[in-house]
Amino acid sequence: MSKPSDLVQGTLNLLILKILALEPQNGWAIGQRLRQVSGDVLQVSDGSLYPALHKLEQAGWITAEWKASENNRRAKFYSLTRPGRRYLEKEAASWGRLSQAISAVVRLEEA
Amino acid sequence: MRWEHWIYTLPLRLRLLFGRAVVERELDEELRYHLDRQTETNIAAGMSQQEARRAALRALDGITRPKEECRDALGWRLLDTLMRDGKQTLRRLAHDWQFSSGAVLILGLGIGANTAVFSLVNTALFRPQPFADVDGLVNVYQNDAKLGLPEGSSYPGFLDIRRQSDVFADASALVTQEGRYQRPATGSLNGSVQSGIFEYTTANHLDVLGLRPSLGRWFTADEERVGEPVAVLGRETWVRDFHADPSVLSQTIRIGAKQVQVIGVGPAELNSSQGNATFTALFLPVTAMPPQSPGQLERRQDLWLLVRARLRENVGIQQAQAAMDVLAGQLAADYRDTDPKKGITVLATSQVRYHPRVDSQIKPLAATLLLVVGLVLAIACSNLATLLLVRGSARSAEVSLRLALGATRGQLVRHLLMESMILSTVGAVVGVLVAVWGLRYLTTFNLPVVISGDVDYRVLAFAIAVAGMCGVGFGLWPALQLTGTNLMGALREGKGSAAGALSLSRKWFTLKNALIVGQVAGSFLLLMGAGFSMRILASTQSRGVGYVTTGLAMIEADPRYAGYDPPRAQAVFEELRRRVAELPGVESVMVTTRLPGDGGFDRKVLIEGYRGEAGTEKEGISIEGRWVSPGYFETLKIPVLYGRTFDDRDVAGRPEVAIVNEALARQYFESPNAVGRRFRFADGDGRFVEIVGVVGNTRDVDMILDWSQPLLYRSSRQAGLTPSAIIARTSRNETTLVTLMQQEVRRLHPDLTVIKAETMEHHQAGDLAPFRMGMLAMSGLGALGLALAAIGLYSVVAFAVSQRTSEIGIRMALGARASDLAWLVVREVTALIVAGIVIGSVISLAGLAALVYFRVPILGNDPVTVVGVALVIAGFGAFAAYLPVRRAVRIDPLSAIRQ
């Protein structure tokens, strides 16, 4: 099973959107970038990346187009749409609140 | 979801639906790209080619899995399932083609035939009025002196109404009448004489209606005042008879002896100013109308005009009615002797179709039609329901098996629902086709009213919706029932006797049986209607009109178009009469001014010694009359009861004599023998007219119901009227005689324009066309109902037999006789049919009683029709039941048991 941990599963969409907010990317590059930025903490398997991308495309958050990649091969590049950007902002904000709250709870000193 | 969303997702969705192969290829390519890049990266990190590839694949969890998950993400799983279900359903329906085609046929006929018939009658009866701003238009009627009901206006009355400028902006008047005109013989036109409807109206007619002529102009007020010989062609007439030639505006047509200048063509949207269901041929100034009675334009008694007024702004109908009440009071005071004195009625134009009196007769007609259409639809639906129920119970074993194998309830319901929806959709498509083609066929009938081939889409939508709901509903019913069944029970009982199969044999009051009985009863009612209309039509033939219509040949010719003056015309026709009398086989000949059934005159008479109702002593009684000539009664074979007919004694200068029919004699004299009695015309010179004969009652072919209308006959020859037709009775073929007579006319007087040359039966067939169509529609719908009920019976019996195959086999093996076994099945069917017939006859007898109660004249209680219809239904039912039963008793016992 290649399922990422529960936390990541809920936030995979958020991560993908955030990466795409920086610049349009193809699927492979998104996977690379995910590993890079999270320093291999987040184990996102390549296998679960693509279904997530397609779901996001279905939802209209991202849109795809075929372009030449850096090594001059045709690749499918995803980019954020305007509704996607709004969605990202909203999700990022709520994620921020959530993680703050959780870290506050975790840091509670035992009496 | 926001609209912006759709901009991004819609192309994607469309591609998913229609460009599946492309999407699959792209998915492949995307994943391959990923693998290649990852492999390259891995090699760069120091792995071998093979190792790198394997690692990349592993990281991706293989290539199939993410692909499958992507497909799920795209929502293809559902689509796939639906496609598979659809294919399966279609296969199943194709396999059970008898059931499928039956259901589609039922739906198609039920939807289509209904829509076609209803659309046709609907467009004929209820065309929208083509006037601009119809809400501001009112019809103004003076009420008739006798009953005080809205009737029409006299010409002076119309002028008074028009002067009420505080409530009416303007008012116009019109009257329609049949007439004839001769086209100019120029260019492509052949100068033939045409008959058509003339509308005599006022100069402001179109202004009041808010319409414009489509070519040329309307006549002016000056032209109206003097009755100038000008005419405006009806748009349809211009297109059809003048080939839409704009040069008609410089031409003259001929009406009788008068040359009339064509000055314009009427509005395209206006077929007719009254009801819009006929085509008006010519619009003429009201003052140019040939008077029905002397001094018609001055008389206040005759209410012959339809007055339409345009309300002033901010004036309502109540206000107009109040103003008219005041006017009516003034008129009654000012014209004590001549005003009808019963008031004036104002009605919204949109509320009146033809005339208040006619409208009140159309409404029950329309209600009947709706009832019939509803009945057919109900039969079709209940039939479909029966089929689906039968099928549902036939499949209980299959359903149980599938449930046992792990199918979910939802899946089964989805399958059955899909089946119903496919059937309903195909049925609806067939229904639309039947409606369009059926209507096209019906419009080929030559009818005196404007009909359009337009399908009434509201009715079509309604029929489809009802049939569709019925299909889906009854498709689901067995599904829900079955999926709730006890699996083991149904499986153990096996194919032979699942829950539904028992319904016919053990439980009597089931939904299925009720539906069958309902169908039989419904088709009984429909066939009763068809039977009655056929009887009515038959009674109008031959014997029913009071004279013998067969063996008569007629030629109609208008001598005025040949330029003959009345004396010359009489001489010419007299000569023709003698010539025709010498033709082989001719028994008798007459010359007449009007054809039988083409109407006559309506005069008020004062009968000597008859008091009548109070108030009529001075006014007189209104009586219908006909102009006839010597030989009329002999040629038509109308029996002479007392006295004599017109003969050579009755010429101009001799005292005027008359003949009455039996109905008149019975109504106004004590005995039917009225010979020697006298009367005066109320508006005549006071001289008495003596009755010299009494003849049998007759009626016009298209006047189905007034058999005993009093009729007065006067001699057209004595009055010096111009004859226009010759009618001859022959003992040989009347069609041949028509040709011979035509040749004779052409030889003797080639300039005499023949308008019609045909047999009397053919002539009357034209008058009967609407009835024929009505009868055809009724019998068609009746036959449809019967066929549907027969299909329903057949399917139920066939099903019952198939469910009891092994039982029958065992019984036969044990030595039961075929006839006993047949009876076993037939017993139940017979009970259903009999119950249906009983219910149907009770309802139809109650309906007949209601008709009698509401004084709707019908042909009395008609046991022949009732018994006949019952026999037809019993016969069809027996036949429908016999086929499967016959199959059942021919079963080979061994193979039946083994099943």
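Note that this is a predicted model, so its numbers are computed, not measured.

Colleague: Before we go on, may I ask you to explain the overall build of chain A in this structure?
Modeller: Of regular secondary structure, chain A possesses four helices and three strands. Each helix and strand of chain A, ordered N terminal to C terminal, gives the series α-β-α-α-β-β-α. Counting every position in chain A, which comprises 111 residues, the buried fraction comes to 44%. Taking as baseline every contact in chain A between residues at least 6 positions apart, the subset at least 24 positions apart corresponds to 48%. In the form shown here, chain A has an accessible surface area of approximately 6400 Å², with 53% of it arising from carbon and sulfur atoms.

Colleague: Is there a simple way to explain the side chain of Ser844 of chain B in this structure?
Modeller: Residue and element names in this part refer to chain B. Following the sequence through the fold, Ser844 ends up in helix 27 (residues 818-853). Accessibility expressed as a relative area gives 8% for Ser844, which makes it buried. When sequence neighbours within four positions are dropped, the list of residues in contact with Ser844 reads Phe524, Leu525 and Met528.

Colleague: It is not clear to me how the environment of Val586 of chain B should be interpreted in this structure. Could you clarify?
Modeller: Residue and element names in this part refer to chain B. Within the secondary structure layout, Val586 lies in strand 13 (residues 586-592). On a C-alpha basis, the gap between Val586 and Gly551 in space is 9.6 Å, while along the polypeptide they are 35 residues apart. Other than its neighbours up to four places away in sequence, Val586 contacts Val580, Ala581, Ala728, Arg729, Thr730 and Leu737.

Colleague: Just to check I follow, could you spell out the interface of chain A and chain B for this structure?
Modeller: A common way to report how large an interface is uses the accessible area buried once the components associate. In this assembly, 32 residues from chain A lie in contact with 29 residues from chain B. Area buried by chain A at its contact with chain B is led by Trp28, Tyr50 and Gln58 of chain A, which between them contribute 26% of it. A salt bridge links Glu29 of chain B to Arg74 of chain A, with the nearest nitrogen and oxygen atoms 3.3 Å apart. Connecting chain A to chain B are eight residue pairs in polar contact (both at pLDDT 80 or more). At the level of secondary structure, the elements contributing two or more residues to the side of chain A that touches chain B comprise helix 2 (27-38), helix 3 (46-59), strand 3 (74-80) and helix 4 (82-106) of chain A. If one sorts the elements of the side of chain A that touches chain B by residue count, helix 3 of chain A sits on top with nine residues. Residues of the side of chain A that touches chain B, tallied by class, amount to 10 nonpolar, 12 polar and 10 charged.

Colleague: Help me out: how do you make sense of the sheet that holds strand 12 (residues 552-557) of chain B in this one?
Modeller: Strand pairing in a sheet is mediated by backbone hydrogen bonds. Such pairs are either parallel or antiparallel. All names here are of chain B. Pairing within the open sheet is antiparallel, and its four strands lie in the order 13-21-12-22. Of all the strands in the sheet, the pair left with one neighbour each is strand 13 and strand 22 (754-759). When strand polarity is set aside, the average angle formed by the axes of neighbouring strands in this sheet is 10 degrees. By the bridge criterion, five bridges tie strand 12 to strand 21 (residues 725-730) in an arrangement that is antiparallel. The residue bridging Ala553 from the neighbouring strand is Ala728, located in strand 21.

Colleague: Quick question: what am I supposed to make of the packing of helix 3 of chain A against helix 2 (residues 20-44) of chain B here?
Modeller: For any two helices packed against each other, the geometry comes down to the angle between their axes and how far apart the axes lie. As a packed pair, helix 3 of chain A and helix 2 of chain B sit with axes 12 Å apart at the nearest point and diverge in direction by 145 degrees. Here helix 3 of chain A runs over helix 2 of chain B; the crossing is right-handed. Within the contact between the two elements, helix 3 of chain A uses Asp46, Tyr50 and His54 of chain A and helix 2 of chain B uses Leu27, Glu30, Leu31, His34 and Gln38 of chain B. Broken down by class, the residue content of the contact of helix 3 of chain A with helix 2 of chain B amounts to three nonpolar, three polar and two charged.

Colleague: What is the right way to read the pattern of salt bridges from this model?
Modeller: Residue and element names in this part refer to chain B. What the rule picks out here adds up to 32 salt bridges over all chains. Residue Arg240 pairs with Glu236 through a salt bridge whose shortest N-O separation is 3.7 Å. Taken together, the positions of Arg240 and Glu236, both in helix 10 (residues 235-241) and four residues apart, correspond to about one turn of that helix. Classification of Arg240 as partly exposed rests on a relative accessible area of 49%. Within this structure, Arg644, Asp647, Arg649 and Asp650 form a network of salt bridges that share partners.

Colleague: I would appreciate a short explanation of the nonpolar core in the present structure.
Modeller: In summary, soluble globular proteins display a tendency toward joint burial of nonpolar side chains. Residues and elements named next belong to chain B. Ranked by internal contacts, the top residues of the largest apolar core, which has 43 residues, are Val140, Phe168, Leu282 and Met324. Broken down by element, the residue count for this core peaks at six residues, all from helix 11 (residues 317-334). If sequence neighbours within four positions are ignored, Val140 has contacts with Ser153, Ile161, Phe168, Val307, Ala309, Met324, Ile344 and Thr345. Grouped together as the second largest cluster of nonpolar side chains are 41 residues, Ala103, Phe118, Val121 and Met778 included.

Colleague: For this particular structure, what's the right way to read the environment of Tyr882 of chain B?
Modeller: Residue position: Tyr882 of chain B is located in helix 28 (residues 863-889). For Tyr882 of chain B, a relative accessible area of 44% translates into the label partly exposed.

Colleague: Mind showing me how you'd approach the packing of helix 2 of chain A against helix 3 of chain A here?
Modeller: All names here are of chain A. Packing of helix 2 against helix 3 brings their axes to within 10 Å, and their N-to-C directions diverge by 120 degrees. Relative to helix 3, the element helix 2 is oriented oblique. In this structure, helix 2 meets helix 3 at a crossing whose hand is right-handed. In this structure, helix 2 contributes Gly27, Trp28, Ile30, Gly31, Leu34 and Arg35 to the contact, and helix 3 contributes Asp46, Leu49, Tyr50 and Leu53. Along the lines of polarity and charge, the residues of the contact of helix 2 with helix 3 split into six nonpolar, two polar and two charged.

The rules we used
Residues numbered from 1 in each chain as written. Chains lettered and ligands numbered in written order. Predicted model: local features only at pLDDT ≥ 70, side-chain atom pairs only at ≥ 80, totals over all residues. Heavy atoms only, no water. Helix = DSSP H or I, 4+ residues; strand = E, 2+ residues; numbered from the N terminus. Buried < 20%, exposed > 50% of the residue type's maximum accessible area, 1.4 Å probe, protein only. Contact = heavy atoms within 4.5 Å. Areas by Shrake-Rupley, 256 points an atom, 1.4 Å probe, with all protein chains shown as cover. Buried area = accessible area lost by both parts, 1.4 Å probe. Salt bridge = Lys/Arg side-chain N within 4 Å of Asp/Glu carboxyl O. Polar contact = N/O pair within 3.5 Å; in protein donor to acceptor, adjacent residues only side chain to side chain. Nonpolar A, V, L, I, M, F, W, Y, C, P; charged D, E, K, R; others polar. Pairing = 2+ DSSP bridges. Axes fitted to C-alpha atoms, helices over the stretch in contact; angles between N-to-C directions. Left-handed = near helix turned anticlockwise from the far one by under 90°. Core = buried A, V, L, I, M, F, W, Y, C linked by side-chain atoms within 4.5 Å. Parallel < 35°, antiparallel > 145°, perpendicular 65-115°, else oblique.

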